[in-house]
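Survey of secondary and tertiary structure
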Amino acid sequence: MRRKIRFTTIAVVLLALFSCMREEALDPVPEMTGMPVRLSLSPNGGSHTKVSGVDYERDEGAVQRWAFFIFERSTGLLAYSGVVGSEGTVTKTLRTGVFELFVMANYPLTGAYAPNVSAIRTRADFLRLRASLADNAPGCFLMSGAAVFAVPGGEEVLEIAVRLQRLVCKIHLETVTRRFQNASLASQQMTLRHVYLTNVYPESRYSEDYYPGELSSRQASWYNAMGWEHAAAMPQVSAIDALVGERNLHLQLRQNVSENLGRTFYCYPNPWDFQADSHSPDWNGPRCTRLILETELGGHTYYYQATLSGENSPHYLSRNRAFRVFCTLNHLGSKDPEQEIPGALTVQFIPEAQPWEADYSIQEQS
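Residues numbered from 1 in each chain as written. Predicted model: local features only at pLDDT ≥ 70, side-chain atom pairs only at ≥ 80, totals over all residues. Heavy atoms only, no water.

1. Some thoughts on the overall build of the chain
- In terms of helices and strands, the chain carries five helices and 22 strands.
- In the chain, which comprises 366 residues, the proportion classed as buried is 55%.
- Considering only contacts within the chain whose residues lie at least 6 apart along the sequence, 77% involve residues at least 24 apart.
- Total accessible area computed for the chain in this model is approximately 15400 Å², and 49% of it derives from carbon and sulfur atoms. (Helix = DSSP H or I, 4+ residues; strand = E, 2+ residues; numbered from the N terminus. Buried < 20%, exposed > 50% of the residue type's maximum accessible area, 1.4 Å probe, protein only. Contact = heavy atoms within 4.5 Å. Areas by Shrake-Rupley, 256 points an atom, 1.4 Å probe, with all protein chains shown as cover.)

Right under this line is the structure:
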């Protein structure tokens, strides 16, 4: 009899992956008597939302490695773990009961945040796993997912939906429109030099996003805290720069013209409540993440900021969520990236109508 577990994951081409991956059983737990379960990952089609300027197959589609862990729900103890091999399948006998399945993909093999997969023996071990933003890259984003399923025994068909999501969220800057109300300023040449994210939290969990109370209050624990590579913030990391910044654009912003940017930025969700946000010139604790447009006009630098995230915000960022952003410059911006000038920038956030993903299936045979 053929059993089927439905598995929802990212828009990736996994068939090529399975042809080159090596199967490896990671857990020495003895076989259990009961129902043999065979899991395999295969494309199931499905559409996903796309925005302009992103090569999905190159930038967001790849899965290089993934591992799964099955825990007994009643005890939280490991029943089985594994890394899928060349056939894309793994078989294990599970006794009757209720289990929790956790999956992580593209996890690092080296470095401070490399998980010791074979040392994960309980559900609590998995829930504690932390993930660094620096270990993400276009074409290799960290992902995770979870589901609960029951092994009833007998011949019934079992179907379980699991969603494997990227840990990062996506901000796609579509257009920047210059619409200065002052005729004198409107006649001057203006250049968009850089676009980047500030107040970026560089750490998350595989199991779930951080809560506000878990964020560090130290400026040195934040990336681009209060400005691009701020001296008091976390030291520069080239892998993070590639995700959160577009430098040296040198794009001329013409009056009453919408310039197509088509630039995509990725970061971990920052849950800080926008009502508790601060624009103080001195760091005084966690702040919301911002999209910064750094411009030049008349030989001077002006900043425009769009606050992106925050608990209870209508454009609250969470993992695997994507936004399209449209910016309109109304008058001169600020002289500091954290200074807020009311009315200088009008921002339109449009969340993607569909999840940032496509569907896949896990096939179970017994």
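There is more to say, and it comes next.
2. Topic: the sheet that holds strand β21 (residues 345-351)
- Read across the open sheet, the four strands follow the order β17-β12-β20-β21; overall the sheet is mixed. Looking at the sheet topology across the chains shown, the edges are occupied by β17 (257-267) and β21. Each adjacent strand pair in this sheet contributes to an overall mean axis angle of 20°, direction not counted.
- As defined by bridge partners, strand β20 (residues 322-329) adjoins β21 across seven bridges and the pair is classed as antiparallel. Paired with R324 across the strands is I350, a residue of β21. (Pairing = 2+ DSSP bridges. Axes fitted to C-alpha atoms, helices over the stretch in contact; angles between N-to-C directions.)

3. Remarks on the pattern of salt bridges
- Across all of its chains, the model carries 15 salt bridges by this definition.
- Ionic pairing is found between E72 and R95, a salt bridge with its closest N-O pair at 2.0 Å. Of the two residues, E72 is situated in strand β4 (residues 66-72) and R95 in the loop between β6 (89-94) and β7 (97-105); the sequence distance between them amounts to 23 residues.
- Looking at R95, the relative accessible area reads 36%, which means it is partly exposed.
- Through salt bridges with shared partners, a single ionic network connects D277, R287, R290 and E338. (Salt bridge = Lys/Arg side-chain N within 4 Å of Asp/Glu carboxyl O.)

4. Here's the deal with the environment of N116
- On the secondary structure map, N116 appears in the loop between β7 and α3 (123-127).
- N116 sits 13 residues away from L129 along the chain, and the two C-alpha atoms are 9.6 Å apart.
- At a separation of 3.0 Å, a polar atom in the side chain of N116 contacts the side chain of S118. (Polar contact = N/O pair within 3.5 Å; in protein donor to acceptor, adjacent residues only side chain to side chain.)

5. Digging into the packing of aromatic side chains
- Counted by the stated rule, this structure contains twelve aromatic pairs.
- Between F99 and F149, the aromatic rings sit 5.8 Å apart at their centres with planes inclined by 25°, giving stacked as the arrangement. Remark: F149 occurs in strand β9 (residues 143-151) and F99 occurs in strand β7; sequence separation between them is 50 residues.
- What links up through ring pairs into an aromatic cluster is the set F69, F71, F102 and F126. (Phe/Tyr/Trp six-rings, centres within 6.5 Å; stacked < 30°, edge-to-face > 60°.)

6. So, the state of the cysteines
- Evaluation of the coordinates by the stated rule reveals zero disulfides.
- A disulfide-free cysteine, C169 has its sulfur positioned 3.7 Å from the sulfur of C267, the nearest such atom.
- Of the residues examined, C169 reaches a relative accessible area of 0% and is grouped as buried. (Disulfide = S-S within 2.5 Å.)

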